[in-house]
Amino acid sequence: MSQKFNAARLEQLKSDAYENIESYNDPDTPKALAAFTEQIKGILQAAPDMLQSVPEYLPVALYGRVKFPGEAKLKWSQWLKTGNAPAWDDFKTTVAFNNADLPLVKTIRAYNESLLIEACAVLFMLSNETAAPAPRSKGAQDDDEDYEEEDYSDERDEAADDYDGHDDEDEEGYDDQYDEITFKREGR
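Structural notes, computed from the coordinates. (Residues numbered from 1 in each chain as written. Predicted model: local features only at pLDDT ≥ 70, side-chain atom pairs only at ≥ 80, totals over all residues. Heavy atoms only, no water.)

### Thoughts on the side chain of E56
Note on placement: E56 falls in the loop between α2 (32-46) and α3 (57-62). Buried and unpaired, E56 has no salt bridge, with R9 as the nearest side chain of opposite charge at 7.8 Å. Not counting chain neighbours up to four residues away, the residues in contact with E56 comprise L13, D16, A17 and N20. (Helix = DSSP H or I, 4+ residues; strand = E, 2+ residues; numbered from the N terminus. Buried < 20%, exposed > 50% of the residue type's maximum accessible area, 1.4 Å probe, protein only. Lys, Arg positive; Asp, Glu negative; His and termini not counted. Salt bridge = Lys/Arg side-chain N within 4 Å of Asp/Glu carboxyl O. Contact = heavy atoms within 4.5 Å.)

Right, dumping it as structure tokens:
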């Protein structure tokens, strides 16, 4: 009898792994994600039982390092659609692990084969979905960005409304459309 995937758990793992990946995926520190994943690999290899409290660390540790051959993508799509987890013999032919990761893969398989299959399902979801994981709830920073954007568009709209292609000033050839925007920004 085949095992079943827990769809809600997979979605949660995908979301948690994505948040971890994004938090280290910073253009200012381009090697931060690689350094973090190397550190996590070492920790998980030494203490695989850590996955009981932070199961999202395995997909993070293997992120970008597991390949799914073309024909395997159809199998993975079907397994995820039906919720049926693959048996080990089917699983091992649908993933390609980086040679440097094999010690970790062997350790995790010996500890809990299902966790390894589940992590690869999450990696497949992360790498093959057209839609990104659900966005995090809006924080204060996001609200500030939206506010600034609204203010900016309002100023542009007002400036466009004020400017109709004709010079409204008494002085010929002078259009103060840009002066009004500057005054508005400076609070005059």
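Alright, that's what it looks like, and here's the rest.
### Let's talk about the nonpolar core
Residues L58, W76, F91, F97 and L116 are the most contacted members of the largest nonpolar core, which totals 40 residues. Going through the elements one at a time, α1 (7-24), α2, α3, α4 (70-82), α5 (88-91) and α6 (102-128) are the ones with two or more residues in this core. The element contributing the most residues to this core is α6, with 14 residues. What F97 contacts, discounting residues up to four positions off in sequence, is L62, R65, V66, F91, L102, V105, L116 and C120. (Core = buried A, V, L, I, M, F, W, Y, C linked by side-chain atoms within 4.5 Å.)

### Looking at the pattern of salt bridges
Tallying each qualifying case throughout the model produces seven salt bridges. With its nearest N and O atoms 3.2 Å apart, the salt bridge here joins K14 to E11. Residue K14 and its partner E11 are located together in helix α1, separated by three residues, close to a single helical turn. Taking the relative accessible area as the measure of exposure, E11 reaches 40% and is therefore partly exposed. For R65, the salt bridge is made with D101, and the minimal N-O distance between the two is 2.8 Å. Of this pair, R65 sits in the loop between α3 and β1 (66-67) while D101 sits in the loop between β2 (96-97) and α6, and the two are 36 residues apart along the sequence. If you follow the salt bridges from partner to partner, you end up with E38, K41, R65 and D101 in one network.

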